[in-house]
Amino acid sequence: MKTGIKKNDILLIFIVLAVAGSAAFLHNLLGTAGAGSVTVKVNGVIEGVYSLGEDQEIEINKGTNYLVIKNGKADMIRADCPDKLCVNQKAVSKNHESIICLPNKVIVEVNSTEKGEYDAVAN
Ligand SMILES: [Zn+2]
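Computed from a predicted structure; not experimentally measured. (Residues numbered from 1 in each chain as written. Predicted model: local features only at pLDDT ≥ 70, side-chain atom pairs only at ≥ 80, totals over all residues. Heavy atoms only, no water.)

Caption draft 1: Focus on the overall build of the protein. Broken down by element type, the protein carries 3 helices and 7 strands. The order of helices and strands in the protein, counted from the N terminus, is α-β-β-β-β-β-α-β-β-α. With 123 residues in all, the protein has 27% of them scored as buried. When the accessible surface of the protein is split by element, carbon and sulfur atoms take 61% of a total near 8,300 Å². (Helix = DSSP H or I, 4+ residues; strand = E, 2+ residues; numbered from the N terminus. Buried < 20%, exposed > 50% of the residue type's maximum accessible area, 1.4 Å probe, protein only. Areas by Shrake-Rupley, 256 points an atom, 1.4 Å probe, with all protein chains shown as cover.)

Okay, here's the thing in structure tokens:
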């Protein structure tokens, strides 16, 4: 009886591991196939997370900054900051790339499992 329970426990662990493993695998797969997402932070607080796979215009911080997502890339198109450094920054699409607007304390960061090699395949 005791060994029976033990066997079931081991089986259960295997099932849990298998499910967790395939979930992680699926996540990686989707992360690679999809374009990832951008996290928008204002003053250190997350204001929103937006998919890079969906073309959209995002109003940040009640309109101090406007971000456009197009063709899997995020680009700051308008801002009321004096330096406009964020607007002049290139569009971002790769993991950990970011657009930062210091005067408005706005940070746009890419979260993606996508790496350069997959770009070549996708294009
Ligand atoms: Zn700016």
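Caption draft 2: Structural view of the packing of aromatic side chains. One pass over the full model with this rule turns up 0 aromatic pairs. One Lys or Arg, Arg78, reaches over the ring of Tyr66 and ends 4.3 Å from the middle of that ring. (Phe/Tyr/Trp six-rings, centres within 6.5 Å; stacked < 30°, edge-to-face > 60°. Lys NZ or Arg CZ within 6 Å of the ring centre and 35° of its normal.)

Caption draft 3: Spatial organisation of the pairing of strand β3 (residues 56-60). Taken together, the 5 bridges between β3 and strand β4 (residues 65-70) define a ladder with antiparallel strand orientation. By the bridge assignment, Gln56 is partnered in β4 with Ile69. Between the antiparallel neighbours β3 and β4 lie 4 residues, among them Asn61 with a positive phi of about 55 degrees. (Pairing = 2+ DSSP bridges.)

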